[in-house]
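A look at the structure
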Amino acid sequence: MKITLKDGSVKEYEHSMSVIDIAKDLSEGLARVATSGRVNGELVDLRTVVDSDSEVEILTFDNEEGKGAFFHTTSHIMAQAIKRLYPETKLAIGPSIENGFYYDLDRETPFVAEDLEKIEKEMKKIVKEDLEITRFTKPRDEAIAYFKEKDEPYKVELIEDLPEDAEISFYQQGEFVDLCAGPHLMTTKPVKAIKLTSLAGAYWRGNEKNKMLTRIYGISYPKKAQLDEYLTMLEEAKKRDHRKLGKELGLFMMCEEGPGFPFFLPKGMVLKNTLLDYWRELHKKAGYVEVSTPIILSRHLWETSGHWDHYKENMYTTQIDGEDYAIKPMNCPGGMLVYKAEPRSYKDLPLRVGELGLVHRHEKSGQLHGLMRVRCFTQDDAHIFMMPEQIRDEIKGVVALIDEVYSLFGFKYHVELSTRPENSMGTDEDWELATEGLRGALNDLGLDYVVNEGDGAFYGPKIDFHLTDSIGRTWQCGTIQLDMQLPQRFELEYTGADGEKHRPIMIHRVAFGSIERFIGILIEHFAGAFPTWLAPVQVKVLPISDKYMDYANKVLDELNAAGVRAEVDSRAEKIGYKIRETQMQKIPYMLVVGEKEQEADLVSVRSRFAGDEGQKNLETFIADIQKEIADRVKREVVKEDEK
């Protein structure tokens, strides 16, 4: 039996081997940290036996899918602890998620925060018991009977939805048995560090008509130090919460009259418009033209695009003159009509068309979260129409543009390629050509990427860009989607060099994604302390007393005339108080003015970056800050020992 490993090397075995035994043969150290495996592309338990030539990868906590098996096992440990402490609790589902796990639970007396400590303590006991985890199966009827006897109605419902001939898998650890497809760890012992983080309400199966269950979230790690690091990051994230900072800095607000519909306040609009000005400048330089398409368009358009059939549950609809219309959830169909508005030639291609379009999508109320998950947002969309031979170069151009954006804000990122989903339109040939176009461009650029099988859009494969912020969290923002379906459905054409009609290929792409969400990410990334070019207020002028108000206003006028966003603090407060308040508002520069400054036509400069920078001529200060703004540089904070 030949086993091909991830690095391409081949191991030969005379008999069948479990994945864990293959891991042990490779390295005892690897076997100790292994959580699961991948055999011929399929995620499996370490206990899975391989009995023929196969490709095998050993997964650990350092791998996302390996981490998933670890988290999933911890969700079972939590369910076991809960059944020991509160045996009347009914179990729903308990999957792993990106940052940990959760379990949905039904109990007559709902869980409260105080219960989490008891559950955590019992979980740690289960880990110490080093319970072996075993897998077994039952036919569908026996599985239903088993859970009926256990009085677990949610498990029964899940099984009843499976096909008649389905074989149902179970996992057991000690006295606890759960319905699960796996994979799981070999024992409970490796889960060294556990923290239950929060409680929330969750409708059964996400349906608002179903019963509200209690969802308990948690996180786990193989080492306590890893958990401590994560909890420190969580504490830092709380301080940076964009909802809290957005309110404190006067950027945006949410109202019960419009759940999921953000209100931007004056300072928030300055921030938003500064971002949009940058977007326009960048796209003009990259050869894009800008358009604007209507927010409401007819049902016929959305049927042509496929959204009416594939996306209607996320759309808001209305009637006009007795006809069905929809508020646009995406800008693409309007972009198709713009392309069709006039004849196109191969000489016009590639045609790069940008749009800052306001879109609306229905999100369930429980999923709304500040600016991160809203019901209306501005999408920085662009559609590139091109010939097949232009695909790779255009994708490279988009990648370069997105890289320029993220680099400016100090984001690192990783790339994922998502392939054809089950619910898709188009032929196998179209999907193959589109997917290989994206893959080829990534390979040409030498970019590392992960493949997400089946996670593409319904009309084409895509490349997603996942940002890493200043405290290590990841956010999915930029997307490049290659689409051969919409040009066909809208019968787009161009006249080729041969004089014949041809069908263009189209790229959908966003750099920010949602402007609103990107602003939320920026607030948290910078903890509200934006680079000077982006700050809603760049300079605060602080007169020491009312006697120097005329000079303060003169300084303000000169700043405003120079295009610097400035305010004056005219309150009759002590200067120390004014300085502290300005620091709380995270304004980059303070100009303190008093008798000495007025007499010499100077300003005393204090910055967020270096503290007291001493007295400067106002003209010199203005020239310096104008350059900082124009170059969009990010000044680093000077530490005390560097001063």
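Everything quoted here is computed from the prediction, not taken from an experiment.

Let us now look at the overall build of the protein. Looking only at helices and strands, the protein features 20 helices and 35 strands. Out of the 643 residues belonging to the protein, those deemed buried represent 49%. Partitioning the contacts of the protein with sequence separation of at least 6, the portion at a separation of at least 24 is 69%. A total accessible area of about 30,900 Å² is found for the protein, and carbon and sulfur atoms account for 48% of it. Where the 85 positive side-chain charges of the protein centre and where its 112 negative ones centre are 5 Å apart.

Take the side chain of Ser220 next. Assignment of secondary structure puts Ser220 in strand E15 (residues 212-221). Side chain to side chain, Ser220 and Thr74 meet in a polar contact 2.8 Å long. If near-sequence neighbours (up to four positions away) are discounted, Ser220 is found in contact with Phe61, Phe70, Phe71, Thr74, Phe101, Val191, Ala193 and Ile194.

Okay, the sheet that holds strand E35 (residues 611-617) next. Taken in spatial order, the 5 strands make up an open sheet running E32-E31-E33-E34-E35, and their pairing is mixed. Each edge of the open sheet carries a strand with a single partner, namely strand E32 (566-568) and E35. Direction aside, the axes of adjacent strands within the sheet are offset by 25° on average. As defined by bridge partners, strand E33 (residues 589-593) adjoins strand E34 (residues 602-607) across 4 bridges and the pair is classed as antiparallel.

Turning our eyes to something else, we now look at the UniProt feature "binding site: Zn(2+)" (unreviewed entry) in the protein. UniProt annotation of "binding site: Zn(2+)" (unreviewed entry) refers to Cys332, His383 and His508 when read in the numbering used here. The greatest C-alpha distance among the residues just named is 7.7 Å, despite their covering 177 residues of sequence, which places them together in space. On the secondary structure map, Cys332 appears in helix H12 (residues 332-340). If sequence neighbours within four positions are ignored, Cys332 has contacts with His383, Leu486 and His508. Turning to its location among the elements, His383 is positioned in strand E23 (residues 376-386).

Turning to the side chain of His508, a few remarks are in order. Note that His508 resides in strand E30 (residues 505-514). Looking at His508, the relative accessible area reads 3%, which means it is buried. Side chain to side chain, His508 and His383 meet in a polar contact 3.5 Å long. At 2.8 Å, the side chain of His508 and the side chain of Asp483 are in polar contact. His508 has contacts with Cys332, Ala382, His383, Tyr459, Thr479, Ile480, Gln481, Asp483 and Leu486, leaving out every residue within four places of it along the chain.

The next point concerns the pattern of salt bridges. One pass over the full model with this rule turns up 54 salt bridges. Close ionic contact of Glu122 with Lys125 constitutes a salt bridge, the shortest N to O distance being 3.7 Å. Taken together, the positions of Glu122 and Lys125, both in helix H4 (residues 113-128) and 3 residues apart, correspond to about one turn of that helix. For Glu558, the salt bridge identified is with Lys554, shortest N-O distance 3.1 Å. One end of the pair is Glu558 and the other is Lys554, both in helix H17 (residues 549-561) and 4 residues apart, which spans about a single turn. In this structure, a network of salt bridges that share partners links the residues Arg84, Glu122, Lys125, Glu129 and Glu175.

Moving on, we get to the domain arrangement of the protein. Parsing the protein into structural domains produces domain 1 (2-60), domain 2 (65-231), domain 3 (249-295 + 330-526) and domain 4 (532-631). Taking only C-alpha atoms, the centre of domain 1 and the centre of domain 3 are 39 Å apart.

A few words now on the packing of aromatic side chains. A complete count under the given rule lists 25 aromatic pairs for this structure. With a centroid separation of 6.4 Å and 90° between ring planes, the pair formed by Tyr278 and Phe409 is classed as edge-to-face. Placement of Tyr278 in helix H9 (residues 266-285) and of Phe409 in the loop between helix H13 (391-408) and strand E24 (412-418) is noted, with a sequence separation of 131 residues between them. Each member of the pair, Tyr278 as well as Phe409, carries the same accessibility label: buried. Joined through ring pairs, the aromatic side chains of Tyr278, Phe409, Phe411, Phe512, Phe518 and Trp533 make up one cluster. Looking at Arg107, its charged tip hangs above the ring of Phe111, at a distance of 4.8 Å from the centre. The ring of Trp533 carries Arg632 above its face, with NZ or CZ at 5.2 Å from the centroid.

One open sheet holds the 3 strands; their spatial order is E19-E21-E20, and the pairing between them is antiparallel. Of all strands in the sheet, those bounded by a partner on one side alone are strand E19 (296-298) and strand E20 (317-320). Neighbour to neighbour, the strand axes of the sheet diverge by 40° on average, direction disregarded. The pairing of E19 with strand E21 (residues 323-327) spans 3 bridges and is antiparallel. For Ile296, the partnering residue across the bridge sits in E21 and is Ile327.

Judged by side-chain polarity, Ile295, Ile296, Ile320 and Leu358 come together as a nonpolar surface patch covering roughly 270 Å² of accessible area. The residue Ile296 is located in strand E19 in this model. Assessed through its relative accessible area of 37%, Ile296 is described here as partly exposed.

By the alternation rule, side chains of strand E13 (residues 176-179) split into Phe176 and Asp178 and Val177 and Leu179, which are all buried. The sheet contact formed by strand E12 (residues 167-173) and E13 spans 4 bridges and is antiparallel. Bridging from a neighbouring strand, Phe170 pairs with Leu179 of E13. A loop of 2 residues connects E12 with E13, the two strands running antiparallel in sequence, and Gly174 in this loop sits at a positive phi of about 60°.

The topology assignment puts Val56 in strand E7 (residues 54-60). When its relative accessible area of 3% is taken as the criterion, Val56 is described as buried. When neighbours within four sequence positions are excluded, Val56 is seen to be in contact with Ile3, Thr4, Leu5, Lys6, Ile22, Arg38, Val39 and Val50.

Residues Phe409, Ile480 and Phe518 are the most contacted members of the largest nonpolar core, which totals 57 residues. Among the elements that make up this core, the one with the highest residue count is H13 (8 residues). Mapped onto the domain boundaries, this core takes at least three residues apiece from domain 3 (249-295 + 330-526) and domain 4 (532-631). Excluding residues within four positions of it along the chain, Phe518 makes contact with Leu275, Tyr406, Phe409, Phe411, Leu467, Cys477 and Phe512. Within the second largest apolar cluster, 37 residues are counted, among which are Ala81, Leu131, Leu185 and Ala237.

Time to look at the UniProt feature "domain: TGS" (unreviewed entry) in the protein. Here, the residues flagged by UniProt with the feature "domain: TGS" (unreviewed entry) are residues 1-60. As a span, residues 1-60 carries 23% helix and 45% strand, and end to end its C-alpha atoms are 24 Å apart.

Procedures and definitions
- Residues numbered from 1 in each chain as written.
- Predicted model: local features only at pLDDT ≥ 70, side-chain atom pairs only at ≥ 80, totals over all residues.
- Heavy atoms only, no water.
- Helix = DSSP H or I, 4+ residues; strand = E, 2+ residues; numbered from the N terminus.
- Buried < 20%, exposed > 50% of the residue type's maximum accessible area, 1.4 Å probe, protein only.
- Contact = heavy atoms within 4.5 Å.
- Areas by Shrake-Rupley, 256 points an atom, 1.4 Å probe, with all protein chains shown as cover.
- Lys, Arg positive; Asp, Glu negative; His and termini not counted.
- Charge placed at Lys NZ, Arg CZ, Asp CG, Glu CD.
- Polar contact = N/O pair within 3.5 Å; in protein donor to acceptor, adjacent residues only side chain to side chain.
- Pairing = 2+ DSSP bridges.
- Axes fitted to C-alpha atoms, helices over the stretch in contact; angles between N-to-C directions.
- UniProt positions renumbered as here; feature names shortened; annotations may be inferred.
- Salt bridge = Lys/Arg side-chain N within 4 Å of Asp/Glu carboxyl O.
- Domains from an automatic or database assignment.
- Phe/Tyr/Trp six-rings, centres within 6.5 Å; stacked < 30°, edge-to-face > 60°.
- Lys NZ or Arg CZ within 6 Å of the ring centre and 35° of its normal.
- Patch = residues over 30% accessible without salt bridge, like charges linked within 9 Å, V, L, I, M, F, W, Y side chains within 5 Å.
- Core = buried A, V, L, I, M, F, W, Y, C linked by side-chain atoms within 4.5 Å.

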